[in-house]
Structures are given as structure tokens and as C-alpha cells.
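Listed here are the chains, written in short residue letters.
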Amino acid sequence: MTFQEINSKMVRADVVPGQRLFSQRGAMLAHRGDVSFTPNLRGGRGGVMSMIGRRVAGEDAPLMTVEGSGTVFFGHGGHHVQVIHLSGDTLYVEADRLLAFEGTLEQGTVFLGAQGGVMGVVRGQVGGQGLFTTTLSGHGAVAVMAHGGVFGIPVAPGRPVHVDPQAYVAHHGDIRNRLSTALGWRDMVGRGSGEAFQLELSGDGTVYVQASEEKL
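Residues numbered from 1 in each chain as written. Predicted model: local features only at pLDDT ≥ 70, side-chain atom pairs only at ≥ 80, totals over all residues. Heavy atoms only, no water.

Undergrad: What is the right way to read the overall build of the chain from this model?
TA: Secondary structure assignment for the chain yields four helices and 13 strands. For the chain, the proportion of its 216 residues judged to be buried stands at 50%. The long-range fraction of contacts in the chain, counting pairs at least 24 apart against all pairs at least 6 apart in sequence, stands at 81%. Carbon and sulfur atoms make up 51% of the accessible area of the chain, which amounts to about 9900 Å² in all. (Helix = DSSP H or I, 4+ residues; strand = E, 2+ residues; numbered from the N terminus. Buried < 20%, exposed > 50% of the residue type's maximum accessible area, 1.4 Å probe, protein only. Contact = heavy atoms within 4.5 Å. Areas by Shrake-Rupley, 256 points an atom, 1.4 Å probe, with all protein chains shown as cover.)

Undergrad: Sorry if this is basic, but what is going on with the environment of phenylalanine 73 here?
TA: Within the element layout of this structure, phenylalanine 73 appears in strand β5 (residues 63–74). Separated by 67 residues in the primary sequence, phenylalanine 73 and isoleucine 6 have C-alpha atoms spaced 8.7 Å apart. With sequence-adjacent residues up to four places away left out, phenylalanine 73 is seen in contact with Ile6, Met10, Val11, Arg12, Ala27, Met28, Leu29 and Ala30.

Undergrad: Even after reading the chapter, I still don't get the environment of glycine 88, so can you show me in this structure?
TA: Topologically, glycine 88 is positioned in strand β6 (residues 80–93). Distance from glycine 88 to leucine 136, taken between C-alpha atoms, is 9.9 Å for residues 48 residues apart in sequence.

Undergrad: What's the story with the environment of glutamate 106 in this structure? I'm lost.
TA: Structurally, glutamate 106 can be placed in strand β8 (residues 106–111). Looking at glutamate 106, the relative accessible area reads 41%, which means it is partly exposed.

Undergrad: Explanation requested: the pairing of strand β2 (residues 10–15) in the structure shown.
TA: Two faces belong to every sheet, and in a regular strand the side chains alternate between them. Alternating positions in β2 separate cleanly, Val11, Ala13 and Val15 being buried on one face and Met10, Arg12 and Asp14 remaining unburied on the opposite face. In the sheet, strand β1 (residues 3–7) pairs with β2 via four bridges, with the strands oriented antiparallel. Considered in β2, the bridge of asparagine 7 is made with methionine 10. Linking two consecutive strands that pair antiparallel, namely β1 and β2, is a turn of two residues. Direction of pairing for β2 relative to β5: antiparallel, over a ladder of five bridges. Bridge pairing in β5 places valine 11 opposite phenylalanine 74. (Pairing = 2+ DSSP bridges.)

Undergrad: Got a minute to help me understand the pattern of salt bridges in this structure?
TA: The final tally for this structure, using the stated rule, is one salt bridge. The salt bridge involving arginine 12 is made with aspartate 14; its shortest N-O contact spans 3.2 Å. (Salt bridge = Lys/Arg side-chain N within 4 Å of Asp/Glu carboxyl O.)

Undergrad: Before we go on, may I ask you to explain the pairing of β5 in this structure?
TA: Burial analysis of β5 places nine of its twelve residues in the buried class, the great majority of the element. Bridging between strand β3 (residues 21–23) and β5 involves three bridges; their strand directions are antiparallel. Considered in β5, the bridge of serine 23 is made with methionine 64. Strand direction decides the pairing type here: strand β4 (residues 28–40) and β5, joined by twelve bridges, are antiparallel. Bridge assignment links phenylalanine 37 to a residue of β5, and that residue is valine 66.

Undergrad: Explanation requested: the confidence of the model for the chain in the structure shown.
TA: Note: predicted coordinates in regions of low pLDDT should not be interpreted at a detailed level. Across the chain, the average pLDDT comes to 79, with 69% of residues at 70 or higher. Overall, residues 47–60 carries pLDDT values under 50, and its contacts beyond four positions in sequence, including any with other chains, amount to 25 contacts. Contacts of residues 113–130 to residues separated by more than four positions or lying in other chains number 43 contacts, the stretch itself having pLDDT below 50. (pLDDT = per-residue confidence, 0-100.)

Undergrad: Quick question: what am I supposed to make of the side chain of aspartate 164 here?
TA: Mapped onto the secondary structure, aspartate 164 falls in the loop between β11 (161–163) and β12 (168–181). Exposure remark for aspartate 164: the relative accessible area of 13% places this residue in the buried category. A distance of 2.9 Å separates a polar side-chain atom of aspartate 164 from the backbone nitrogen of glutamine 166. (Polar contact = N/O pair within 3.5 Å; in protein donor to acceptor, adjacent residues only side chain to side chain.)

Right, dumping it as C-alpha cells:
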């Protein structure tokens, strides 16, 4: 297991020769051993296409490539950290919520509207978040950040979960998402919380929600 939760705001990662990690710039709190940190503009295993997607999404800050032999402690801004393990599926996560992830995972960028039609546009404009989200696929671990703690809600067939878009952190599994509104469009203008609209996730998987609506 690469990542170990030390407490709610810090994870430990063991770095071994021949394997690499990627982390958000500024996420390293301490390290020991022969470990190197270098900027990576190619966006992980996703290569140049992932980099282009991040540029289009306005996420041009490079990731850091972590290599060598030793131990690294990661955390950022005092945010709560949650480790998510993937077993061949795909994690959808806001790029600014990524703390660190294993190099075995392939990174990409997807337009949210591709899954939920107008949902991506509305969420980007009203919710104050981007239209693009990062995908991580394969086998490996991911450490994500959030305000006020993170909890996973199971999504089961016939039992959809409704989430405030600003509380959404990530999801994985065979899940579809769409925007549902509790108010008319005219009433919804200027309202960015779940009182106005909700993100409906249906299918089979898990959605991760933060305890605060505060944006990172």
C-alpha cells in the first residue's frame, strides 16, 4: 500500500526505485531518504493530451514527479485528506482536489457535459467550478483533499444519490450524473448551493462528499 493516512490531514507515501508518484506542487511536508521532486508538464501517464486538457481547463500548474527511495509526507493547506483505492475503474475528481496519486494510474481530462448534458455548463457557471474534471484510471491509490472531512456514499441500482454540487469531491464506478433542480431557472440565478439544484448520481459505485461547501 503506497499511501497511509497518518491523520485526517496528512498521508505518508513509500517511494521505491522503479516506481513514481505524482503530487500537487507544494504538497510535500517532509521526506526522508533519497527522494527527488521534479516538475512534470506531461500530466502523468496521460501524456501530452492530458496536459492539453489541463491547459484548456485552466489547470496549467505542473504536477511534481516523485521518484527515488524513501518516505514522503503529503498534505496541503490544512485540508482533510482521503485515500481512495482503484481496482481497474476510473475516478472522476476535481483537479484542484488531487493531493497525490500513484504513477500506475493513467490521467486524463473529461468535459463534465459529456456525462450530464447541460449539467457541466450549469455547474461551472453557478457552482463556481470548472467544466472539466480529471480522470484517473487503472489500479492504484489516490489521495484527495476536501474541506471539513470526506465521506463516501454508496450509489446502488435503483437508489440514486443527490449531492450539492459544491460539496461534490469525486466519484467512481458505473455512475451517470445529471442536474436536477428544485427551483425554476429564474429562481435559481445567483444560487450555487443544493437549495437551488442538485447533482443526481445513479448506477453502481461511490460518490465522495465533503462536509463543507467551501471551494478549495
